[in-house]
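# Results of the structural survey
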Amino acid sequence: MAKIDKLKNKIKHDKSSWILAIPLFIILGLGVLAFDVRDDAALPSGENVATNANPIELSFSDVLRRANEIKTMNIRGSDATGTLDDGTKYTATITYDPELLTKMAESGATISIDSTRPFTERMVFWLPILLWILFFWFIFRGPRGGITRSIAGQNPTKIMTGNPKKTTFKDVAGIDAEKQELMEIVDFLKNKEKFKSLGARVPRGVLLSGEPGTGKTLLARAIAGEANVPFFAASGSDFSGIIVGLGVAKIKEMFEMAKRNAPCILFIDEIDAIGQKRSTQIHNDQDREQTLNQLLIEMDGFANDTGIIVLGATNRVDMLDPALLRPGRFDRQVYIELPDLSGRREILNLYANRVKLASNVDLMDVARGTTGFSGADLENLLNEAALHAVRVGHKEITNEDMDEARDKIMMGPRKVRKIRDADKKLTAFHEAGHAFVGQHYADIVDPIHKATIIPRGRALGMVQHLPIDDKVSMTISEVRAQLSVSLAGRAAEEIFFGADKITTGAESDIAGATRLVRYAITTAGLSDKLGMVAINQSAPWAGRGALENASEKTAELVDSEIRKWMDAAHADAKRILSQNRAIVEKLADELLTRETLTGDEIRDIIAGKKIATKRKTSKTKTKKSK
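Computed from a prediction, not measured in an experiment: that's the story for all the values here.

## Some remarks on unusual backbone geometry
The step from Ala262 to Pro263 runs through a cis peptide bond, and the omega angle for that step is 0°. Checked against the element boundaries, Pro263 lands in the loop between helix H10 (246-260) and strand E10 (264-269). Look at Glu270: it is not a glycine, yet its phi comes out positive at around 50°. Of note, Glu270 is situated in the loop between E10 and helix H11 (286-300). In this structure Glu270 comes out as partly exposed when scored by relative accessible area, which is 35%.

## Focus: helix H13 (residues 341-352)
Residues three or four positions apart in an α-helix share a direction because the helix packs 3.6 residues into each turn. Relative to the 16 Å expected for 12 residues at 1.5 Å per residue, H13 spans 16 Å between its end C-alpha atoms, a close match to the ideal helical length. When we look at burial in H13, the residues that qualify are Leu341, Gly343, Arg344, Ile347, Leu348, Leu350, Tyr351 and Ala352. In this structure, the buried side of H13 is in contact with helix H14 (363-368) and helix H15 (375-392).

## Let's talk about the packing of helix H17 (residues 421-440) against helix H21 (residues 581-594)
Contact geometry for H17 and H21: axes closest at 8 Å, N-to-C directions at 125°. Comparing their axes, H21 and H17 come out oblique. Every pair of crossing elements has a handedness; the one defined by H17 and H21 is right-handed. Facing H17, whose interface residues are Lys424, Lys425, Ala428, Phe429, Glu431, Ala432, Gly433 and Phe436, H21 presents Ile583, Val584, Glu585, Leu587, Ala588, Leu591 and Leu592. Residue composition of the contact of H17 with H21, grouped by class: 10 nonpolar, 1 polar and 4 charged.

## Focus on the pairing of strand E11 (residues 308-314)
Burial of E11 is extensive: 7 of the 7 residues sit out of reach of the surface. Of the two faces of E11, both are covered, the one formed by Ile308, Val310, Gly312 and Thr314 as well as the one formed by Ile309, Leu311 and Ala313. Bridge count for strand E8 (residues 205-210) against E11 is 5 bridges, and the pairing is parallel. Looking at the pairing, Val206 lines up with Leu311 of E11.

## Things to note about the packing of aromatic side chains
The tally for this structure, following the rule as stated, stands at 3 aromatic pairs. Arranged with centres 5.9 Å apart and planes meeting at 20°, the rings of Phe231 and Phe267 form a pair that is stacked. Of this pair, Phe231 sits in strand E9 (residues 231-235) while Phe267 sits in strand E10, and the two are 36 residues apart along the sequence. When its relative accessible area of 2% is taken as the criterion, Phe231 is described as buried. Among the residues examined, Phe267 registers a relative accessible area of 3% and is labelled buried.

## Considering the pattern of salt bridges
If you walk through the whole model with that rule in mind, you get 20 salt bridges. The partner of Glu69 in a salt bridge is Arg66, and the shortest N-O contact between them spans 3.0 Å. Under the relative-accessibility criterion, Glu69 is labelled partly exposed at 36%. Across the pair Asp600 and Arg603 runs a salt bridge, and its minimum N-O distance is 2.9 Å. With a gap of 3 residues between them, Asp600 and Arg603 both fall in helix H22 (residues 599-606), about one helical turn apart. Note on Arg603: relative accessible area 29%, which makes it partly exposed. Three or more residues are tied together by salt bridges with common partners; here these are Lys586, Glu590, Arg594 and Glu601.

## Re the nonpolar core
Grouped together as the largest cluster of nonpolar side chains are 30 residues, with contacts concentrated most on Val437, Leu577, Leu587, Leu591 and Ile602. If you tally residues by element for this core, the top one is helix H18 (residues 476-497), at 7 residues. With near-sequence residues (within four places) excluded, Leu591 lies in contact with Ala428, Glu431, Ala432, Ala451, Thr452, Ile453 and Leu597. Membership of the second largest hydrophobic core comes to 28 residues, among which are Phe169, Ile185, Phe195 and Val229.

## Let's talk about the sheet that holds strand E15 (residues 596-598)
Pairing in this open sheet of 3 strands is antiparallel, and the strands run E14-E13-E15 from one edge to the other. What marks the edges here is a single partner per strand, and that holds for strand E14 (462-465) and E15. Taking each pair of neighbouring strands and ignoring which way they run, the sheet shows an average axis angle of 15°. Pairing of strand E13 (residues 448-452) with E14, which is carried by 4 bridges, proceeds in the antiparallel orientation. The partner of Thr452 across the bridge, within E14, is Met462. Most of the contacts of helix H16 (residues 399-411) go to E14, to which it runs at about 110°, and overall it touches E13 and E14. The sheet strands contacting H17 are E13 and E14, and the helix crosses E14 at an angle near 25°.

## Here we look at the environment of Val479
By the element assignment, Val479 lies in helix H18. When its relative accessible area of 2% is taken as the criterion, Val479 is described as buried. Along the primary structure Val479 and Leu526 are separated by 47 residues, whereas in three dimensions their C-alpha atoms are 9.6 Å apart. In contact with Val479, other than residues within four places in its own chain, are Met474, Leu516, Ala520, Leu526 and Trp565.

Criteria and cut-off values
Residues numbered from 1 in each chain as written. Predicted model: local features only at pLDDT ≥ 70, side-chain atom pairs only at ≥ 80, totals over all residues. Heavy atoms only, no water. Helix = DSSP H or I, 4+ residues; strand = E, 2+ residues; numbered from the N terminus. Buried < 20%, exposed > 50% of the residue type's maximum accessible area, 1.4 Å probe, protein only. Expected span 1.5 Å × (residues − 1). Contact = heavy atoms within 4.5 Å. Axes fitted to C-alpha atoms, helices over the stretch in contact; angles between N-to-C directions. Parallel < 35°, antiparallel > 145°, perpendicular 65-115°, else oblique. Left-handed = near helix turned anticlockwise from the far one by under 90°. Nonpolar A, V, L, I, M, F, W, Y, C, P; charged D, E, K, R; others polar. Pairing = 2+ DSSP bridges. Phe/Tyr/Trp six-rings, centres within 6.5 Å; stacked < 30°, edge-to-face > 60°. Salt bridge = Lys/Arg side-chain N within 4 Å of Asp/Glu carboxyl O. Core = buried A, V, L, I, M, F, W, Y, C linked by side-chain atoms within 4.5 Å.

Pasting the structure below:
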C-alpha cells in the first residue's frame, strides 16, 4: 500500500506542474507592466508644456514656416504640443527632423522629447521574448520534464488500486468459463515463484474480445482486484493527438511507470484505436502506425519475470495488426460471449440485489425473454423497470414493470397517438394471424408470451415469443414454421380485408423472413437445389446483389429459391388461417377489446375456453396508451 500511495503522490505531483508555471506568468507579466523606459532629452533644458484646452492645429508645413515663432515644443512620437511666442497653444503632427529641431533650439525654443512607449507597443516587443523563455523553461525544468510531456499532458494511465470497493470475481457473473481461464493470471501475480520453478512462461498479454457490454473492462478490473496489484487503465484514444510523436511518448511513459511498479496490470481499453493493421498505402496515418510500432517494441521488450501483465479489450479483433497478436505479445485471446440462459439468470440475480423486487417476479422468466442481451443490457433492464415502478407508484418492481422495461428496450417506448379505427382493426387481425399460426406450430416454434396492438417505436403491434432455452441451431422444419409465422400477418390481411387492402405493416416481417431464408439456403446448406455450398458473402468489389464464389447462374438460382421458400410459407399461412377464420376473428375481437392478450389467454381462446371479461392490468395499460 505504501508503494501505491507513493505512486499516487507522484502522479499528483506531476499533475501540478502546470500550476507551478502560474507564478512565473504572473511575475513576468507584472515585470512587463512595471518596465517603463523613459528617455527624455532636451536640447537646451526646459519644462514640458501642457496642452491648452482649445489649442490651434498646425500642419507640418505650418511648423516649418513658423519655426521662429515657436517658443516651446513637447514631442511624443509624431505628435507635438506647445506654445507660440504670443502664448497661443498649438498641436501638430510632425515628421522627425534633427536639423529642424536643432535650428529651433538655437533660435531659443524649448524642445522636450517624451519617448515613453504605450503598453501595447511594449507587449509587442516583450511577448516573443517571454514565449521563448517559457519554451526553454519547459524543456529544461527537470530530468523527466520536456516540452513533449508538457504539451502532451500527463501520462494517460490511471491507477485504480487501493479503493476499498475494489472489483473482484464475485462482481462478475455469467461468464464462468472466462473467469476460470483468467484465474491463471491471478495465480501468477500472487505466486510467481511456483511458475518460475517449472520454467513456465506466463502470457505477457491477454486480449479480451467480445460484443459490447459483455464485461471486458469489468473482468480486467476484477483480475487486478483478485491479485491485489496496481491496476493501470488507459484507453486507445488517449494516445492520439494533433502533435506528431505524442502517442509514442505516451506509450513509453506508460510502460516505464508499469515497470517501476511491477508486478502490476496494464489495461488498454478499445485497443483497436491504436492497434489497427498497418497499411501499405502512401496516404496512411503515420503517427498512428508509429504509436503501434512503439507498443509492439515495448511489449516485445519484456523480460519473462517482470510481473507485468498487459490486458487489451476490443470488439473488433479483425481490425488488429497480426504482429500484435503473435505469441510473445498478446499470447492469449479470451472471447467473452453473450451470456446464455443460465448466465443471464446469474447476472440478473447479481443486479437484483441492488433493487427491490416483488415476490412474484421470476427472474428465470426474465432470462428466457432476454435472449441476446449482454450483461450491460440486463443491468439496464432492471434499471428501466425500477424507473417505471417509480413512475406508476409501485413500491416494488413487479412483473408488469419488467415487461414494460423489456418492451421499451427491444421496441421503444409506447406511442401516445390517435389511431384510426380502421387501422386499429387491421392491426388486430394482423397480430391475430401471427398468434394463431404461432400457436398452430407450438411444438416447433417458441411459445407465445403475449400479443398486443399497443404501438411501440415504428410497430403498431407485436406478438412476442418466449424461448424455453437458448437455441444454437434450427432444423429445416423450424425454419419453415418460423417463416409461416412471420408471413401470417400479411396472409391475415389478405384473407379478412382482400388483396387490394393489404398494407405496408408487414415490412419488418418480410425483411426478417428474407434474411432467415437467405441464411438457410446460402450458409446453412438447407436447399436441395443449391446443396451444401457457402455462397453467402457478398464480394466488396462486385456489383449490387453479386455473391462471392458464385456465378450469375447461381445467383439467379439463389433468388429463385428465396422466392420459392417465401411463397410456400405464405401459402401455408393462408391455408391455416382460411381453415380457422372464426377462431382468428375471435382473437382479433379480443385484441380490439383488451389491446393485450397473454399467451395463456391466446391458448384458451383457441381452445374455445371462456376467459375473464376484463383484466385490471389491461385496463391500466389501455388508459396509458391513449
